[in-house]
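An overview of the molecular structure
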Amino acid sequence: MPPLSVSATNFDIPENAVRVLITGYGSTLRYPQNPTWLAVAPLNNVILPLDIDPPSPDRMQMVVDVDHPNGFPSNDPQHVHISSLQIPPTYDAVLDFVPRIHARPPIVPPTAKIAPPPDHGYDFVFHIGLAGRGPFRIERLAHKAGYRLKDSLNQHAPVIEFLPEPTALEPSQGEMLERMRANMAIMGPTSPIDTAVDHPVRGFGKGYELYGEDLQTMIDVERLVYALKEQEVEVTLYSSMDAGHCVNDYTYFCSLAESRRASSRYDKSMQTRVLFMHCCPVGQPFSTEQVTEVIKKIILWVCRNDP
């Protein structure tokens, strides 16, 4: 029996359910069916009981209680309701979609076939992005600037029209080494190019001045990774501090910033938790079903354990 999945037009969300939004990306030239969306889409309108410890596929199957007014198990005090939303993999789309999903109430595209968003905002927003072959990476932080990679429409991130304080623009040791290697490849070891001057700084400008150069998730990623390894999940995963300075990183920073903006504007005690995970392409080496299972386990862990 598959997990309970019903359309928003014919079911009531359990009272006091933890509301979770997961996002995947739309098609690209290389991936007409984006692996992230293939993993995320099956979880749309899925309801999971929150008492699963550890979560396992067989216990994630809902047993309908005919005596319960909404058909949910009457002995379970709380559930997790999941909505899945697809985001176009472009910088412009991120700036359009992400602030809206952190509004209160959240604003979703009218074509999205998801349950009505909660008035108070989602409790947890989980973004899934694509990396290369290999382990999953759960990202601890996102970057405000330094976006040189183009998106799926071959467009750059916006140019930042203002420059923060010089100390805020100071590159990390890894970024400095990367710049040195790039310069040496072009003009040799005596390259006069100063990449901070000769290339525009791209990323988040107007409206994001108050946010630091790095934003970290409030979720304890190290503890999460350890818990998943203790559960002996079928995939390899680790924590990461480099979300890539690409659309994925851009999505993460925007989501972290907007969750903070919403909590300061409405209720600081109700800040939406935000997380980003990179997964591999299908079969490189993990299957879509394995990605989906890991997503469920992470959702349940965060909803049970993180404040």
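Every value quoted in this text rests on a predicted model; they were computed, and no experiment measured them. For every chain, the first residue of the written sequence is number 1, and numbering continues from 1 along that sequence. With the structure being a predicted model, the display of local features is reserved for residues of pLDDT at least 70 and the display and counting of side-chain atom pairs for 80 or more, all residues being used for whole-chain, interface and lining totals. Side-chain descriptors were evaluated using all non-hydrogen atoms of the structure, hydrogens and water having been removed beforehand.

All right, on to the packing of aromatic side chains then. Stacked, tilted and edge-to-face are the three classes applied to pairs of Phe, Tyr and Trp rings, where Trp contributes its six-membered ring and a pair requires centres within 6.5 Å; stacked means planes under 30 degrees apart, edge-to-face means over 60, and tilted covers the rest. All chains considered together, the criterion is met by eleven aromatic pairs. With 5.2 Å between their ring centres and 85° between their planes, Tyr147 and Tyr250 make a pair best called edge-to-face. Of this pair, Tyr147 sits in the loop between strand S6 (141-143) and helix H3 (166-169) while Tyr250 sits in helix H7 (residues 247-265), and the two are 103 residues apart along the sequence. Here the term buried applies to any residue with accessible area under 20% of the maximum for its type, exposed to any over 50%, and partly exposed to those in between, with areas from a 1.4 Å probe on protein chains only. A residue is classified by how much of its surface remains accessible, and Tyr147, at 0% relative accessible area, is buried. Members of the aromatic cluster, each reached through a chain of ring pairs, are Tyr91, Tyr147, Phe204, Tyr208, Tyr211, Tyr250 and Phe253. We count a stretch as a helix when DSSP gives it H or I for four or more residues in a row; a strand needs E for two or more, and each element gets its number in order from the N terminus.

Definition of nonpolar core: a set of buried residues of the types Ala, Val, Leu, Ile, Met, Phe, Trp, Tyr and Cys, connected through side-chain atoms within 4.5 Å. Grouped together as the largest cluster of nonpolar side chains are 69 residues, with contacts concentrated most on Phe126, Phe136, Ile138, Leu275, Ile295, Ile298 and Ile299. Looking at which element gives the most residues to this core, the answer is helix H8 (residues 288-305), with nine residues. Should any heavy atoms of two residues lie within 4.5 Å, those residues are considered in contact. Those residues in contact with Phe126 that lie beyond four places of it in its chain are Leu21, Ile22, Thr23, Leu275, Phe276, Met277, Ile295, Ile298 and Ile299.

This part is about the pattern of salt bridges. Side-chain pairing between opposite charges can occur once the charged atoms of the two side chains come close. Any carboxyl oxygen of Asp or Glu within 4 Å of a side-chain nitrogen of Lys or Arg constitutes a salt bridge here. Across all of its chains, the model carries five salt bridges by this definition. A salt bridge links Glu139 to Arg137; the shortest N-O distance between them is 3.2 Å. Under the relative-accessibility criterion, Glu139 is labelled buried at 0%. Relative accessible area serves as the criterion here: at 19%, Arg137 is assigned to the buried category. Ionic pairing is found between Arg261 and Glu258, a salt bridge with its closest N-O pair at 3.0 Å. Here Arg261 and its partner Glu258 are both found in helix H7, three residues apart, which amounts to about one turn of the helix.

So, about the pairing of strand S9 (residues 273-279). Buried residues dominate S9, accounting for seven of its seven residues. Both faces of S9 are covered, namely the face carrying Arg273, Leu275, Met277 and Cys279 and the face carrying Val274, Phe276 and His278. One bridge is not enough; two strands pair if DSSP finds at least two bridges between them. In terms of strand pairing, strand S4 (residues 124-130) meets S9 through seven bridges, oriented parallel. Each bridged residue has a counterpart across the sheet, and for Phe126 the counterpart in S9 is Leu275. Where strand S5 (residues 136-139) and S9 come together, three bridges link them in antiparallel fashion.

If you walk across this open sheet you meet the seven strands as S2-S3-S1-S4-S9-S5-S8, and the pairing is mixed. Unpaired on one side and paired on the other, strand S2 (47-49) and strand S8 (237-240) mark the two borders of the sheet. When the angles between neighbouring strand axes are averaged without regard to direction, this sheet yields 25°. By the bridge criterion, three bridges tie S2 to strand S3 (residues 79-87) in an arrangement that is antiparallel. Of the residues in S3, the one forming a bridge with Leu48 is Val80. Axes, fitted as lines to C-alpha atoms, cover a helix only where it is in contact. Angles between the N-to-C directions of the axes lie from 0 to 180 degrees. Contacts from helix H6 (residues 221-230) reach S5, S8 and S9 within the one sheet, and its direction differs from that of S8 by about 175°. Relative to the sheet, H8 contacts strand S1 (18-25), S2, S3, S4, S5 and S9, its axis offset from that of S9 by approximately 160°.

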